[in-house]
Amino acid sequence: MRIGVLNGPNLNLLGRREPDHYGTQTLAEIEALLVERAEASAAELTFFQSNDEGDIVDWVQANADLVDGWLVNAAALTHTSVALRDALAGSDRPFVEVHLSNIFAREPFRHTSLLSDLAIGVIAGFRASSYLFGLEALVRVLQGRGEAGAGKAE
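Residues numbered from 1 in each chain as written. Predicted model: local features only at pLDDT ≥ 70, side-chain atom pairs only at ≥ 80, totals over all residues. Heavy atoms only, no water.

A. Focus on the packing of helix 3 (residues 53-63) against helix 4 (residues 82-91). Packing of helix 3 against helix 4 leaves a shortest axis separation of 9 Å and a crossing angle of 5°. One element, helix 3, and the other, helix 4, form an angle in the roughly parallel class. In this structure, helix 3 contributes Glu-53, Ile-56, Val-57 and Val-60 to the contact, and helix 4 contributes Ala-83, Leu-84, Ala-87, Leu-88 and Ser-91. Its residues assigned to classes, the contact of helix 3 with helix 4 comprises seven nonpolar, one polar and one charged. (Axes fitted to C-alpha atoms, helices over the stretch in contact; angles between N-to-C directions. Helix = DSSP H or I, 4+ residues; strand = E, 2+ residues; numbered from the N terminus. Parallel < 35°, antiparallel > 145°, perpendicular 65-115°, else oblique. Contact = heavy atoms within 4.5 Å. Nonpolar A, V, L, I, M, F, W, Y, C, P; charged D, E, K, R; others polar.)

Put into C-alpha coordinates, the structure is as follows:
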(Lines give C-alpha, C1' and ligand atoms only; values in the text may rest on other atoms or scores of the structure.)
Protein backbone atom coordinates (compact mmCIF):
# COMPACT_ATOMS: atom_id res chain seq x y z
CA MET A 1 0.00 0.00 0.00
CA ARG A 2 1.22 3.49 -0.81
CA ILE A 3 0.53 6.55 1.30
CA GLY A 4 1.29 10.17 0.46
CA VAL A 5 2.35 12.24 3.47
CA LEU A 6 1.62 15.90 2.87
CA ASN A 7 3.06 18.69 5.01
CA GLY A 8 2.04 22.29 4.53
CA PRO A 9 3.59 25.70 5.16
CA ASN A 10 6.19 26.26 7.88
CA LEU A 11 6.45 22.60 8.86
CA ASN A 12 9.99 22.70 7.48
CA LEU A 13 10.75 24.80 10.59
CA LEU A 14 9.77 22.10 13.08
CA GLY A 15 12.23 21.65 15.88
CA ARG A 16 12.84 25.35 16.26
CA ARG A 17 9.44 26.94 15.59
CA GLU A 18 7.23 27.43 18.64
CA PRO A 19 8.30 24.24 20.45
CA ASP A 20 5.65 24.84 23.13
CA HIS A 21 3.01 24.13 20.47
CA TYR A 22 4.79 21.81 18.07
CA GLY A 23 7.45 20.02 20.10
CA THR A 24 11.16 19.80 19.39
CA GLN A 25 11.27 17.09 16.74
CA THR A 26 12.18 18.12 13.21
CA LEU A 27 10.14 17.14 10.19
CA ALA A 28 12.96 14.77 9.16
CA GLU A 29 12.78 13.08 12.56
CA ILE A 30 9.01 12.69 12.27
CA GLU A 31 9.40 11.25 8.78
CA ALA A 32 11.95 8.72 10.08
CA LEU A 33 9.48 7.63 12.78
CA LEU A 34 6.79 7.22 10.13
CA VAL A 35 9.04 5.15 7.87
CA GLU A 36 9.89 2.84 10.77
CA ARG A 37 6.21 2.42 11.65
CA ALA A 38 5.18 1.97 8.01
CA GLU A 39 7.66 -0.88 7.50
CA ALA A 40 5.79 -2.94 10.08
CA SER A 41 2.63 -2.52 7.98
CA ALA A 42 4.28 -3.03 4.59
CA ALA A 43 3.28 0.51 3.68
CA GLU A 44 5.37 2.68 1.39
CA LEU A 45 5.42 6.39 2.15
CA THR A 46 6.02 9.32 -0.16
CA PHE A 47 6.72 12.64 1.57
CA PHE A 48 6.15 16.19 0.40
CA GLN A 49 6.42 19.54 2.15
CA SER A 50 5.96 22.96 0.64
CA ASN A 51 5.27 26.49 1.73
CA ASP A 52 3.47 27.11 -1.57
CA GLU A 53 -0.22 26.25 -1.91
CA GLY A 54 0.02 25.77 -5.67
CA ASP A 55 2.90 23.31 -5.34
CA ILE A 56 0.91 21.33 -2.79
CA VAL A 57 -2.18 21.18 -5.02
CA ASP A 58 0.00 20.16 -7.99
CA TRP A 59 1.61 17.39 -5.90
CA VAL A 60 -1.75 15.98 -4.81
CA GLN A 61 -3.00 15.99 -8.40
CA ALA A 62 0.21 14.40 -9.73
CA ASN A 63 0.21 11.65 -7.10
CA ALA A 64 -3.49 10.83 -6.78
CA ASP A 65 -3.19 7.72 -8.96
CA LEU A 66 0.04 6.64 -7.24
CA VAL A 67 -1.25 6.44 -3.65
CA ASP A 68 -3.96 4.55 -1.82
CA GLY A 69 -4.46 7.26 0.80
CA TRP A 70 -3.10 10.47 2.31
CA LEU A 71 -1.77 11.54 5.69
CA VAL A 72 -2.25 15.30 5.70
CA ASN A 73 -0.92 18.05 7.94
CA ALA A 74 -1.97 21.03 5.86
CA ALA A 75 -0.80 23.43 8.59
CA ALA A 76 -2.17 26.94 7.96
CA LEU A 77 -3.81 25.78 4.72
CA THR A 78 -6.17 23.70 6.87
CA HIS A 79 -8.04 26.90 7.67
CA THR A 80 -7.80 28.71 4.34
CA SER A 81 -7.38 26.51 1.27
CA VAL A 82 -10.42 25.64 -0.78
CA ALA A 83 -7.96 24.66 -3.54
CA LEU A 84 -6.36 21.97 -1.36
CA ARG A 85 -9.78 20.78 -0.23
CA ASP A 86 -10.85 20.41 -3.85
CA ALA A 87 -7.61 18.61 -4.80
CA LEU A 88 -8.00 16.09 -1.97
CA ALA A 89 -11.68 15.56 -2.81
CA GLY A 90 -10.79 15.15 -6.48
CA SER A 91 -8.12 12.57 -5.69
CA ASP A 92 -10.85 10.16 -4.55
CA ARG A 93 -8.49 8.78 -1.90
CA PRO A 94 -9.15 8.58 1.83
CA PHE A 95 -7.11 10.79 4.11
CA VAL A 96 -6.46 11.42 7.77
CA GLU A 97 -5.97 15.02 8.86
CA VAL A 98 -3.30 15.42 11.54
CA HIS A 99 -2.07 18.33 13.63
CA LEU A 100 0.83 18.49 16.05
CA SER A 101 -0.95 20.91 18.35
CA ASN A 102 -4.51 20.83 19.60
CA ILE A 103 -5.99 23.33 17.16
CA PHE A 104 -9.16 23.54 19.25
CA ALA A 105 -7.22 24.84 22.27
CA ARG A 106 -5.62 27.64 20.28
CA GLU A 107 -6.75 30.82 18.53
CA PRO A 108 -10.36 30.77 17.31
CA PHE A 109 -9.39 30.96 13.62
CA ARG A 110 -7.63 27.58 14.01
CA HIS A 111 -10.85 25.90 15.16
CA THR A 112 -12.17 25.74 11.60
CA SER A 113 -10.86 23.15 9.18
CA LEU A 114 -11.84 23.21 5.52
CA LEU A 115 -10.69 19.58 5.28
CA SER A 116 -12.09 17.75 8.28
CA ASP A 117 -15.52 16.97 6.87
CA LEU A 118 -13.81 15.16 3.98
CA ALA A 119 -11.28 13.34 6.15
CA ILE A 120 -11.91 9.84 7.46
CA GLY A 121 -10.60 11.13 10.78
CA VAL A 122 -8.80 13.99 12.51
CA ILE A 123 -6.03 13.61 15.08
CA ALA A 124 -4.71 16.68 16.88
CA GLY A 125 -2.67 17.60 19.89
CA PHE A 126 -0.24 14.71 20.25
CA ARG A 127 2.75 16.36 18.56
CA ALA A 128 4.74 13.82 16.50
CA SER A 129 2.52 11.00 17.75
CA SER A 130 -0.40 12.57 15.86
CA TYR A 131 1.29 11.40 12.67
CA LEU A 132 1.88 7.90 14.05
CA PHE A 133 -1.72 7.57 15.23
CA GLY A 134 -2.94 8.90 11.90
CA LEU A 135 -0.78 6.46 9.95
CA GLU A 136 -1.99 3.53 12.03
CA ALA A 137 -5.63 4.49 11.52
CA LEU A 138 -5.21 5.03 7.78
CA VAL A 139 -3.41 1.70 7.34
CA ARG A 140 -6.18 -0.10 9.22
CA VAL A 141 -8.83 1.48 7.00
CA LEU A 142 -6.90 0.71 3.81
CA GLN A 143 -6.46 -2.89 4.93
CA GLY A 144 -10.18 -3.13 5.67
CA ARG A 145 -9.55 -3.68 9.39
CA GLY A 146 -10.94 -0.40 10.68
CA GLU A 147 -13.97 1.77 10.38
CA ALA A 148 -13.75 5.39 9.45
CA GLY A 149 -15.85 8.33 8.49
CA ALA A 150 -18.58 7.97 11.08
CA GLY A 151 -19.20 11.70 10.88
CA LYS A 152 -18.63 11.94 7.14
CA ALA A 153 -21.62 12.67 4.96
CA GLU A 154 -22.31 9.90 2.48
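B. View of the nonpolar core. The biggest cluster of nonpolar side chains holds 23 residues, and the ones touching the most others in it are Ile-3, Leu-34, Leu-71, Tyr-131 and Leu-135. Secondary-structure elements contributing two or more residues to this core are strand 1 (2-7), helix 2 (27-40), strand 4 (95-99) and helix 5 (128-142). Looking at this core element by element, the count peaks at six residues for helix 5. In this structure, Ile-3 is in contact with Ala-43, Glu-44, Leu-45, Thr-46, Val-67, Gly-69, Trp-70, Leu-71, Leu-135, Leu-138, Val-139 and Leu-142, ignoring residues within four places of it in sequence. Ala-64, Val-67, Val-72 and Leu-77 belong to the second-largest nonpolar core, a separate cluster that totals 17 residues. (Core = buried A, V, L, I, M, F, W, Y, C linked by side-chain atoms within 4.5 Å. Buried < 20%, exposed > 50% of the residue type's maximum accessible area, 1.4 Å probe, protein only.)

C. Inspection of the packing of aromatic side chains at higher detail. Tallied over the full model, the rule gives three aromatic pairs. Arranged with centres 5.1 Å apart and planes meeting at 10°, the rings of Phe-48 and Trp-59 form a pair that is stacked. Here Phe-48, found in strand 2 (residues 44-49), pairs with Trp-59, found in helix 3; they are 11 residues apart in sequence, far enough to count as distant. Classification of Trp-59 as buried rests on a relative accessible area of 10%. (Phe/Tyr/Trp six-rings, centres within 6.5 Å; stacked < 30°, edge-to-face > 60°.)

D. Highlighting helix 3. Every buried residue belonging to helix 3 is among Ile-56, Val-57, Trp-59, Val-60 and Asn-63, and all of these are buried. Here the buried residues of helix 3 occupy an arc of 160° about the axis, which is enough to place them on one side. Residues of helix 3 that are exposed and angled more than 90 degrees away from the buried face: Gln-61 and Ala-62. Close packing links the buried residues of helix 3 with strand 1, strand 2, strand 3 (69-73) and helix 4. In this structure Asp-52 caps helix 3, since a side-chain oxygen of it lies 3.0 Å from the backbone nitrogen of Gly-54. (Arc of directions from axis to C-beta. Polar contact = N/O pair within 3.5 Å; in protein donor to acceptor, adjacent residues only side chain to side chain.)

E. Structural detail: the packing of helix 2 against helix 5. The contact between helix 2 and helix 5 brings their axes to 10 Å, and the two run at 30°. On the basis of the axis angle, helix 2 is roughly parallel to helix 5. Note on packing geometry: the crossing formed by helix 2 with helix 5 is right-handed. In this structure, helix 2 uses Leu-27, Ile-30, Leu-33, Leu-34, Arg-37 and Ala-38 to contact helix 5, whose residues at the interface are Ala-128, Tyr-131, Leu-132, Leu-135 and Glu-136. (Left-handed = near helix turned anticlockwise from the far one by under 90°.)

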